[in-house]
Amino acid sequence: MTHVPRPRVLAYLDRWSAAPGQRVSVHASGPAGAAQVEVVDLVSQTVLGQAMPVTVEPRRLLTGSHLEAAGVPAPARGSVALWLRPHGAGARQVVAELDTGDRRLLITLDETGRPETALETGSGVLRAGAGSVLPQGAWSLLVAAWTAEPRGTRLRLAIRGAVRDDASAHRADLPLPPATATLRFGAGSGHRDPYAGRLALPLLTGDALTPGDCDTLTGLTTGPALAGHLGTGLLALWDPAADPGGPVVADVSGNARHARAVNRPLAGLVGPGEDGSRTALQLSPEDLDDARWPRTCAVTVPADAGSTVLGVRVRAGGDCQGDSHGDSHVVPLVVAPTGPARPIAVVLPTFTYLAYANHRQSSEAEYFGDYSHVTDRRIELSGTDVYLNAHRDLGLSLYDQRREGGPVYHSCGRRPVLNHTPDYRWWMTGAPRHFAADLLLLRWLHAEGFAFDVLADEDVHTGGAALLARYRVVLTGSHPEYVSAPEREAVAAYVSGGGRLMYLGGNGFYWVTGVDPRHPNAIEVRRGHTGAWWDNEPGEDVLTSTGEPGGLWRERGLAPQGLLGVGFTAQGWGPAPGFTRLPDSYRAEAAWVFAGISDPVIGRHGLALGGAAGDEIDRADPDLGTPPGTLLLATSAGGHSGHYQNAPEEARLGADAVRADMTLRLTRAGGAVFATGSVNWVASLACCDGDVRRVTRNVLSRFLSPKPSKE
């Protein structure tokens with residue numbers, strides 16, 4: 001008897017941040033039948049209101065990016081043409097499908113990469129197959145042309161560019177009356193047989209293009225050139241260069257038959273020809289921009305919730321008693337502040353959460369190879385990790401590679417994310433990381449009696465410096481690696497205006513991150529040329545979200561040191577040491593940081609790797625912008641094993657750069673920046689280690705004082 005596993009409960013919300021009184025849509029999948037939805041304050045750990053009964057059923061995740069244009073003509077004679085650059089073979093792939101319901105025109109690649117076109121009707125099938133395999137990494141023009149005449153129907157396939165090949169077929173009893181169709185590029189109906197690779201400038205004509213026409217088209221590699229040449233015979237021409245990255249690809253023929261860009265194909269890519277035009281899209285069978293599940297229910301953020309983090313828990317079964325693996329899923333929701341601001345704002349690095357959304361151990365293993373050179377821990381996988389490794393249909397993180405090769409540039413929140421729940425523990429450390437770690441920070445603040453608001457990166461990106469100016473102190477989370485230009489500008493303006501910033505993490509303000517209002521709850525990251533795992537092709541590091549260059553903020557002349565005092569220098573997951581105090585920590589303007597602490601080493605213990613200075617760590621460096629007058633309070637220099645390795649951009653510096661530095665900068669405007677320079681600081685804060693708590697409490701209490709920090 002075959003065992004059918006019980007479907008796992010999966011859920012997501014239509015947003016990451018909401019205001020009190022706002023309704024939020026819940027989208028869930030699970031074992032068919034009754035379920036419960038309840039709202040929990042994850043900070044105070046209290047249930048809010050009564051559980052809501054709902055009905056769920058298993059839902060599919062339809063991955064794969066492609067184009068879809070509805071309501072296009074399917075004439076009795078015509079052509080479908082497009083430029084193609086395949087990335088892989090091994091499975092049948094649908095390049096184009098013109099579907100009227102009664103008949104279909106298909107352009108496909110077989111398992112070897114050989115193109116074929118087929119015309120399917122109720123009367124039969126007409127096929128024309130080329131003899132050549134399309135070369136990977138090179139552009140080829142494919143043209144499928146058909147004619148329906150009294151003496152019969154003719155179908156022709158032409159290939160130009162990298163290879164030159166023609167094939168044709170003829171059949172007498174295959175009628176083709178004019179009709180209206182849906183035209184897809186990159187997949188068949190129902191996301192069937194998706195294509196992996198690039199395409200450029202797909203078009204539809206009302207004439208059957210001849211071999212001579214095909215030869216001419218090979219020299220026309222921009223939308224305007226093609227439109228000018230084809231004239232009135234052009235029914236539609238989709239040009240990705242017209243609005244790169246948009247949710248639709250514009251029809252530039254003048255007929256307004258625009259195509260929906262399903263699952264956000266990668267845009268802004270160089271197409272065929274030698275002019276560098278960004279006419280290409282990259283399609284992947286693994287792209288997922290929005291799960292698009294129907295709404296299961298809606299929850300209302302309680303009007304009196306205050307600014308906090310809620311958890312929307314979906315639980316299978318008709319009651320809320322007990323949990324078993326996979327029978328519930330908690331989705332976090334940041335409750336944005338309304339009304340008077342509290343003194344403290346904690347900015348949760350939700351862009352970083354998105355970058356790591358559904359981060360898979362299998363991908364990390366591929367990247368690191370033998371784990372022994374980065375950790376001495378035994379890697380143990382939770383049930384969630386095993387599930388993520390087996391279910392790539394949940395969508396990829398920015399740390400995964402596509403199966404056909406190449407990095408991932410987009411990540412969205414409108415899909416189930418399994419590694420950002422309160423109880424998730426990262427396989428590399430066996431401890432909380434990202435959201436689970438930052439939740440411990442919020443719970444510590446709550447237990448200590450500090451009054452604080454919670455902001456998401458999206459809130460700061462939108463609200464800017466005016467939002468942060470409401471707060472006496474701003475705290476970061478443990479790993480604010482991904483920040484947008486507006487967010488970085490807001491934090492810089494806050495600090496220069498006298499704000500007090502506590503950077504309680506490591507590897508912060510590192511990658512340029514694009515946010516496109518056309519794609520809610522999503523980010524775009526293009527890393528440029530920083531290593532083989534991430535590299536994009538030359539000239540393709542510009543974000544379609546914003547038009548700015550991607551890559552490291554450091555490469556833009558904005559290294560984290562200039563704002564935070566420290567910046568990313570090394571990573572490793574061997575035993576984590578503490579911070580040894582340095583002479584600056586005993587100066588009058590800084591000694592208060594260590595009030596009540598006699599041990600010269602801070603952070604000897606922690607939930608992650610046993611100490612406060614571990615995981616990804618940052619150092620000060622005046623050459624990279626650490627401001628003059630910044631006090632170097634403590635360092636982990638000399639305390640790290642060989643499992644800690646330089647960041648690629650720091651490789652030339654060797655072991656001297658493998659350290660976490662704790663710094664303090666007091667500004668003339670009465671503000672200050674305190675930096676811990678370690679992802680592990682927050683995990684130690686949540687531990688029994690009193691000195692990390694004491695330092696954090698001392699700094700936060702002093703920063704809350706209305707007097708300038710230096711007094």
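Residues numbered from 1 in each chain as written. Predicted model: local features only at pLDDT ≥ 70, side-chain atom pairs only at ≥ 80, totals over all residues. Heavy atoms only, no water.

Caption draft 1: Structural context of the overall build of the chain. Helices and strands together make up the secondary structure of the chain, namely 11 helices and 40 strands. Taking 711 residues into account, the globule formula puts the C-alpha radius of gyration at 27 Å, and the chain, at 28 Å, falls close to it. Its C-alpha atoms put the chain at 100 × 60 × 50 Å along the principal axes. Within the chain, buried positions represent 61% of all 711 residues. (Helix = DSSP H or I, 4+ residues; strand = E, 2+ residues; numbered from the N terminus. Rg over C-alpha atoms; globule rule 2.2 N^0.38 Å. Buried < 20%, exposed > 50% of the residue type's maximum accessible area, 1.4 Å probe, protein only.)

Caption draft 2: The pairing of strand β36 (residues 615-619), seen in detail. Within β36, 5 of the 5 residues are buried, which leaves the element mostly enclosed by the surrounding structure. Alignment of strand β33 (residues 567-572) against β36, held across 5 bridges, turns out to be antiparallel. Note that in β36 the partner of Gln-571 across the bridge is Glu-616. (Pairing = 2+ DSSP bridges.)

Caption draft 3: Expanded view of the state of the cysteines. Across all of its chains, the model carries 0 disulfides by this definition. Take Cys-412: it sits in no disulfide, and the sulfur closest to it among the cysteines is that of Cys-297, at 20 Å. With a relative accessible area of 2%, Cys-412 lands in the buried category. (Disulfide = S-S within 2.5 Å.)

Caption draft 4: The arrangement of helix α2 (residues 223-230) in detail. Three or more residues of α2 are buried, namely Gly-223, Leu-226 and Leu-230. One side of α2 holds all its buried residues, which, seen down the axis, span an arc of 70°. Away from its buried face by more than 90 degrees, α2 exposes Pro-224 and Gly-228. Of the surrounding secondary structure, the elements contacted by the buried residues of α2 are β16 (197-205), α1 (211-217) and β17 (234-237). The distance from a side-chain oxygen at the start of α2 to the backbone nitrogen of Ala-225 is 3.3 Å, and the residue carrying that oxygen is Thr-222. Backbone geometry just after α2 places Gly-231 at a positive phi near 60°. (Arc of directions from axis to C-beta. Contact = heavy atoms within 4.5 Å. Polar contact = N/O pair within 3.5 Å; in protein donor to acceptor, adjacent residues only side chain to side chain.)

Caption draft 5: Expanded view of helix α5 (residues 383-390). Along α5, the positions that sit buried rather than exposed are Thr-384, Asp-385 and Leu-388. Viewed end-on, α5 has its buried residues packed into an arc of 100°, placing them on one side of the element.

Caption draft 6: Structural view of the pattern of salt bridges. Enumeration over the complete set of coordinates arrives at 45 salt bridges. Residues Glu-524 and Arg-526 are paired through a salt bridge, measuring 2.8 Å at the closest nitrogen-oxygen approach. Take Glu-524 and Arg-526: they sit in the same class, and that class is buried. Three or more residues joined by partner-sharing salt bridges are found here, namely Glu-68, Arg-92, Glu-97, Arg-104, Glu-120, Arg-184, Arg-192, Asp-193 and Arg-260. (Salt bridge = Lys/Arg side-chain N within 4 Å of Asp/Glu carboxyl O.)

Caption draft 7: Structural detail: the sheet that holds strand β9 (residues 104-109). In spatial order, the strands read β11-β10-β9-β8-β15-β6-β19-β18; together these 8 strands make up an open sheet with antiparallel pairing. Lying at the two open borders of the sheet, with one neighbouring strand each, are β11 (124-129) and β18 (248-249). Where β18 and strand β19 (residues 259-262) come together, 2 bridges link them in antiparallel fashion. Following the sheet pairing, Val-249 is matched in β19 by Ala-259.

Geometric descriptors of this kind do not, in isolation, establish any biological role.
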